[in-house]
Amino acid sequence: MTIIFLKNTGRFIFLILFQVLILNNIQLNGYISPYFYIYFILLLPFETPRWLLLLSAFLLGISLDVFTNTIGLNASACVLMAFVRPFVISSISTGTEFMIGHSPSLKNQGLKWFAYYSVILVLVHHFSLFYLEIFRFKEFFQTLIRVLLSSLFTLLLVFIAEYLFYPTKE
Amino acid sequence: MHYLFYFLRKRYIYFLFLVLETLSLILFFNYNDYQNSALTYVSNGITGSVLNVSSDVSEYFSLKRVNRILAEDNAKLHSNRSEAFYKADTDSFYHKDTLYKLEYRYISAKVINNSTNKRNNFIMLNKGHNQGIENHMGVIMGNRIVGQVVSISNHFCWVMSLLNKDSKISGKFKKNNQLVNIEWSGGNYQIGEVKEIPKHVVIHIGDTIITSGNSDIFPEGLLIGTIDHFTIAQEENFNYATIRFSTDFNSLSFVEVLIDLMRQEKENLKKSFKSSER
């Protein structure tokens, strides 16, 4: 239990620093801004109580917010994403029991399951984040392009990380 | 009562979600009220020290560009020195002249965090309240505009860059002083919008737009950019153009904060005008 807690805390700090120091400096034609830090929420263990899920998502969002001077923006998107997560998991449950202490991963759940899971959650997060940031309908389609391109880039990073850190055994 | 508790316990997760979501939305929409609150002071202190380290490293990559801008500025300052002028009358360069009074003072500051890829971009500088910086001061780089200070702590400040949906700059054509508004609509960080160009103004590609000096933030004559593209509207009263910013927001490293020494006087004047109106 303690190991899982320490592992997740370490991941929390690493992802925030990675997002602030590296990803926030990436400039790709103004439409792509990847938010890879939400990988933390994707990787929380299956049996995490829902209140802890919501609280840690809130903490994650607010810590990124103080670095980017957008208090509340990332927090609200993260809380929404954490709230949706159990519904997504139960909607695609394969019938087999998840192992205690395991996190969702490409290796254990398979490509199809993980792709479905991560695409939905990343889109939920990015949609709420970008539209809340603009908060006007004038730039609707422009924002839509930003949401889709950024989600694509974030997902790319998520899959790269999955293959890097949890390689599938053949 | 019993059922209420039962209901609350059963659905507590929805309440927790609603509480957290409302809390973050309240924080987000009321953030302007929190600008100088204890929250900003503490969080700016922590984030500032982390970002400071990161900018110490990345600073080396922009040294070449910084040098060039410094050299340009030096050249300009040299040409303003009294030695550069032909002296018909030595007294004309008397420093404590009552005709010339110092209006602006500049504080050099280092950019320790910057973004150009969001819809609303902010810049963090390593100078704050202790160095005499206050809200709504203008920030420039050389003779190009960057943004305005929106939030300060003891040692750091946040600057709302021109690349922000709340940023509206009053500018004018350098050639004929026609007033226009400059905004940024997201996307490419080099291109902005010029709005409300009167129909009779003849626009050419490459026309220079400078600050008008109508706002309290920037003095007149700072460079904003040049016209990149324009459309002549058929049915509306104003033409529309896009502007290529002369500031390269993606490579800011050292900037200057403008301190308006006569700001108090200007504000008092405004206040007295308003109170006499009633």
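Structural data are supplied above this passage.
Keep in mind that this is a model prediction, so the values were computed, not measured.

1. Brief notes about the interface of chain A and chain B
Now for step 1: Contacts between the two partners involve 28 residues from chain A and, on the opposite side, 28 residues from chain B.
Now for step 2: Among the secondary structure elements, those contributing two or more residues to the side of chain A that touches chain B are helix 3 (50–68), helix 4 (73–91) and helix 5 (106–134) of chain A.
Now for step 3: Tallying contributions element by element places helix 3 of chain A first for the side of chain A that touches chain B, with seven residues.
Now for step 4: Looking at the side of chain A that touches chain B residue by residue, the class counts come to 15 nonpolar, 10 polar and three charged.

2. Details of the pairing of strand 9 (residues 208–211) of chain B
Residue and element names in this part refer to chain B.
Now for step 1: When strand 6 (residues 169–173) meets strand 9, the two strands line up antiparallel, connected through three bridges. Note on strand 9: the bridge partner recorded for phenylalanine 173 is isoleucine 209.
Now for step 2: Relative to strand 10 (residues 223–231), strand 9 runs antiparallel, the two sharing three bridges. Each bridged residue has a counterpart across the sheet, and for threonine 208 the counterpart in strand 10 is threonine 226.

3. Some details on the nonpolar core
Now for step 1: Ranked by internal contacts, the top residues of the largest apolar core, which has 48 residues, are Leu125, Val146, Val149, Val159, Ile224 and Val255 of chain B.
Now for step 2: For this core, the leading source of residues is strand 4 (residues 144–152) of chain B, giving five residues.
Now for step 3: Non-local contacts of isoleucine 224 of chain B, meaning those with residues more than four positions away in its chain, are made with Ile145, Ile169, Gly171, Ile182, Ile209, Ile210, Thr211, Ile243, Phe245 and Ser246 of chain B.
Now for step 4: Within the second largest apolar cluster, 36 residues are counted, among which are Leu60, Leu73 and Phe130 of chain A together with Leu20 of chain B.

4. So, the pairing of strand 4 of chain B
Residues and elements named next belong to chain B.
Now for step 1: Most of strand 4 is tucked away: eight of the nine residues are buried.
Now for step 2: Pairing of strand 3 (residues 138–141) with strand 4, which is carried by four bridges, proceeds in the antiparallel orientation. By the bridge assignment for strand 4, isoleucine 140 is matched with isoleucine 145.
Now for step 3: With antiparallel pairing between neighbouring strands as the criterion, strand 3 and strand 4 make up a hairpin whose turn holds two residues, including glycine 142 at a positive phi of roughly 65°.
Now for step 4: Inspection of the sheet shows strand 4 paired to strand 5 (residues 157–161) by five bridges, in the antiparallel sense. Counted as the bridge partner of isoleucine 152 is cysteine 157 from strand 5.
Now for step 5: Between strand 4 and strand 5, which follow one another and run antiparallel, lie four residues.

5. Here's the deal with the packing of helix 3 of chain A against helix 2 (residues 12–29) of chain B
Now for step 1: Two elements in contact, helix 3 of chain A and helix 2 of chain B, have axes whose closest approach is 9 Å; the angle formed by their N-to-C orientations is 10°. One way to sum up the angle between helix 3 of chain A and helix 2 of chain B is to call them roughly parallel. Seen from helix 3 of chain A, the contacting residues are Arg50, Trp51, Leu54, Phe58 and Gly61 of chain A; seen from helix 2 of chain B, they are Ile13, Leu16, Phe17, Leu20 and Ser24 of chain B.
Now for step 2: Tallied by class, residues from the contact of helix 3 of chain A with helix 2 of chain B come to seven nonpolar, two polar and one charged.

6. Brief notes about unusual backbone geometry
Residues and elements named next belong to chain B.
Now for step 1: You will see that histidine 136, though not glycine, has its phi angle at about 65°, which is positive.
Now for step 2: Mapping histidine 136 onto the fold places it in the loop between strand 2 (122–125) and strand 3.
Now for step 3: Histidine 136 sits in the partly exposed class, given 13 other C-beta atoms within 10 Å.
Now for step 4: With a phi close to 60°, glutamate 196 is a non-glycine residue in the positive phi region.
Now for step 5: Turning to its location among the elements, glutamate 196 is positioned in strand 8 (residues 191–198).
Now for step 6: Assessed through the 14 C-beta atoms surrounding it within 10 Å, glutamate 196 is described here as partly exposed.

Reading the values: the criteria
Residues numbered from 1 in each chain as written. Chains lettered and ligands numbered in written order. Predicted model: local features only at pLDDT ≥ 70, side-chain atom pairs only at ≥ 80, totals over all residues. Contact = placed C-beta atoms within 7 Å. Helix = DSSP H or I, 4+ residues; strand = E, 2+ residues; numbered from the N terminus. Nonpolar A, V, L, I, M, F, W, Y, C, P; charged D, E, K, R; others polar. Pairing = 2+ DSSP bridges. Core = buried A, V, L, I, M, F, W, Y, C linked by C-beta atoms within 7 Å. Buried ≥ 20, exposed ≤ 12 C-beta atoms within 10 Å, placed from the backbone. Axes fitted to C-alpha atoms, helices over the stretch in contact; angles between N-to-C directions. Parallel < 35°, antiparallel > 145°, perpendicular 65-115°, else oblique.

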